[in-house]
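Structural overview
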There are 2 protein chains.
Amino acid sequence: MKAVVLAVATILVASQCHGSEYEFYPLELRSDGLTVHYPPEVWCPSWRLAAEAHNYINWKTVPQKCAEYVESYIQGDQYDSDSKYVNQQAYFFAKSIKRNENDVFIFSVDGTVLSNVPYYSKHGYGVNPYNATVYDAWVLKGEAPALAQTLKNYNNLLSLGFKIVFLTGRTVDKKAVTEANLKEAGFHTWEKLILKDPIAYNGQNAASYKAAERKKLTKEGWRIVGNIGDQWSDITGRNVGLRTFKLPNPMYFIA
Amino acid sequence: MKAVVLAVATILVASQCHGSEYEFYPLELRSDGLTVHYPPEVWCPSWRLAAEAHNYINWKTVPQKCAEYVESYIQGDQYDSDSKYVNQQAYFFAKSIKRNENDVFIFSVDGTVLSNVPYYSKHGYGVNPYNATVYDAWVLKGEAPALAQTLKNYNNLLSLGFKIVFLTGRTVDKKAVTEANLKEAGFHTWEKLILKDPIAYNGQNAASYKAAERKKLTKEGWRIVGNIGDQWSDITGRNVGLRTFKLPNPMYFIA
């Protein structure tokens, strides 16, 4: 019965909704004559993996049918475990480096060091379209908790003697609240906190803003050893560093 | 009881086995005093995700404790579903491109268009160390089946008018068997099949060999629109193409 309902729903949606083509692979072109639509418990992990590995890009919202899947991923052990694994790799890499005085690790802020799960948990875990006004109001409260695994890694990297640069898409007007929030969450020290100048970077996306700021760092003489972010736009383009680390984030995509 | 056994085993292994540090995050440096070791059903998905998203690199074998996990991943629906999702994204991207006569899609061969699951299923799904002699003997049989989702995508891309280049780490002496195997598996046509000249690329890894061959293609006037592989060494470095697509492969890593 479930299968029948799904099939009918699929046909209905497919015939009405041009924008949802990612779910409806060209039926007319398939060589085997079969049409397999995996159920959400299989399809949603594929969607998440594709997003995490940069195969599925420029997406606007979490698919409605993956709402529960994303919620249980974030609230369960898997998100923490996945975050831990990536942070560990960054730490092991850092340990393998013969450190210089000018070595830095770059961290993105939201979704990387500060968790916005408290916000997203009240806004559909990414199913609801992004609302800048409501999100900014939440940021301005300055109450974002640390992402625990990143905080551990941050402390470990400091212990190894690495300097930390926070490079965030938050705009410069949020400097004070960001500094206070970072400290409150346990991130007590940094070499630089780089926030976005909305005039200088007017019309530029996160990827080009961050690449430009990384170029500046390099010109100033810093060596970017590691670069850790929850978005591919944190870790792609020029001057990404010796190694990059993509923390999991199935709730939103920033270009 | 399980937890106690795990803890004891962990201490024993940690004290004896320096090479397994990826499992034993710096206990002495952790800020919260807690030591959480996730069980394999949580840890193995984190390991796989980290490998797929290029966070965990240069690994030699699948961790023993993930042997069953990888086997059921490969043999169940998830591997097919994950492969389907990535191939779909490549196809949707191809459809969005205003095609030129000199446009190509590059496919890697083993693990991308031809499945080596029949081999790996008899060799521990990546748990056993790689054995070039035994693996080559299997390749020379020429019996690798198509990866079904890639075959569909290949046919779809041909229907759109794109030309196909196969770029493989197989050496030139395997040309005839590779051509025959590709045709037998359903890949009937291609613009080029590029195999590795072991003299010209003596001592170079897959990533530099493939980048050099992509540079040649570009110099010949081809535009690399898409580049699809199951290894990051297929899709990183120079001239990777307008977009790259990483097919899942949790069984081995090629640098």
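Now for a look at the structure at hand. Note that this is a predicted model, so its numbers are computed, not measured. (Residues numbered from 1 in each chain as written. Chains lettered and ligands numbered in written order. Predicted model: local features only at pLDDT ≥ 70, side-chain atom pairs only at ≥ 80, totals over all residues. Heavy atoms only, no water.)

Right, let's get into the sheet that holds strand E1 (residues 103-107) of chain A. Residue and element names in this part refer to chain A. Strands sit in the order E3-E2-E1-E4-E5 across an open sheet of five strands; the sheet is parallel. Among the strands making up the open sheet, the edge pair consists of strand E3 (192-196) and strand E5 (243-246). Going from strand to strand, the sheet's axes swing by 20° on average, the running direction of each strand aside. (Pairing = 2+ DSSP bridges. Helix = DSSP H or I, 4+ residues; strand = E, 2+ residues; numbered from the N terminus. Axes fitted to C-alpha atoms, helices over the stretch in contact; angles between N-to-C directions.)

Residues and elements named next belong to chain A. With four of five residues buried, E3 is to be regarded as a mostly interior element. In this sheet, E3 lies alongside strand E2 (residues 163-171) in parallel orientation, the contact comprising four bridges. Within E3, the residue paired with Leu167 across the bridge is Ile194. Regarding topology, helix H8 (residues 175-185) serves as the crossover connection from E2 to the parallel E3, and that connection is right-handed. (Buried < 20%, exposed > 50% of the residue type's maximum accessible area, 1.4 Å probe, protein only. Right-handed = clockwise from strand over helix to strand, strands pointing away.)

The next subject is the side chain of Ser83 of chain A. Looking at the secondary structure, you find Ser83 of chain A in helix H4 (residues 77-96). Excluding residues that lie within four positions of it along the chain, Ser83 of chain A makes contacts with Gln149, Leu247 and Pro248 of chain A. (Contact = heavy atoms within 4.5 Å.)

All right, on to the relation of the copies chain A and chain B then. The two copies are related by a screw operation: chain A maps onto chain B through 180° of rotation and 0.0 Å of translation along the axis, at an RMSD of 0.0 Å. Both copies of the chain, as the preceding transformation shows, are related through a two-fold rotation axis. It is Ala53 of chain A whose C-alpha, among those of chain A, lies nearest the rotation axis, at 2.2 Å. Taken as a fraction of all interface residues of chain A, those also at the interface in chain B reach 100%, which identifies the copy contact as same-surface. (Least-squares fit on C-alpha atoms with pLDDT ≥ 70 in both.)

Now for the packing of aromatic side chains. All told, the structure shown has 45 aromatic pairs over all chains when counted by the stated rule. Geometrically, the ring pair formed by Phe107 of chain A and Phe166 of chain A is tilted, given 6.3 Å between the ring centres and 55° between the ring planes. Pair noted here: Phe107 of chain A is in strand E1 and Phe166 of chain A is in strand E2, with a separation of 59 residues, a long-range link. Relative to Trp59 of chain B, the ring of Trp47 of chain B has its centre 5.5 Å away and its plane inclined at 70°; by these criteria the two rings are edge-to-face. (Phe/Tyr/Trp six-rings, centres within 6.5 Å; stacked < 30°, edge-to-face > 60°.)

Turning our attention to the environment of Tyr252 of chain A. Residue and element names in this part refer to chain A. In this fold, Tyr252 is placed in the segment after E5. Considered as a pair, Tyr252 and Pro129 are 123 residues apart in the sequence and their alpha carbons are 9.4 Å apart. Filtering out sequence-adjacent residues up to four positions away, Tyr252 remains in contact with Trp59, Asp110, Gly111, Asn116, Tyr120, Asp230 and Gln231. Engagement of the side chain of Tyr252 in a polar contact is seen with the side chain of Asn249, the distance being 3.4 Å. (Polar contact = N/O pair within 3.5 Å; in protein donor to acceptor, adjacent residues only side chain to side chain.)

Okay, the sheet that holds strand E3 (residues 192-196) of chain B next. All names here are of chain B. Pairing is parallel across the open sheet formed by five strands, whose spatial order is E3-E2-E1-E4-E5. Strand pairing shows two members of the sheet lacking a second neighbour, E3 and strand E5 (243-246), which therefore form its edges. The average angle at which neighbouring strand axes cross in this sheet is 20°, direction not considered. Here strand E4 (residues 223-229) pairs with E5 via four bridges, running parallel. Residue pairing for E5: Gly226 is matched across the bridge by Arg243.

On their own, these measurements won't tell you what the molecule is for.
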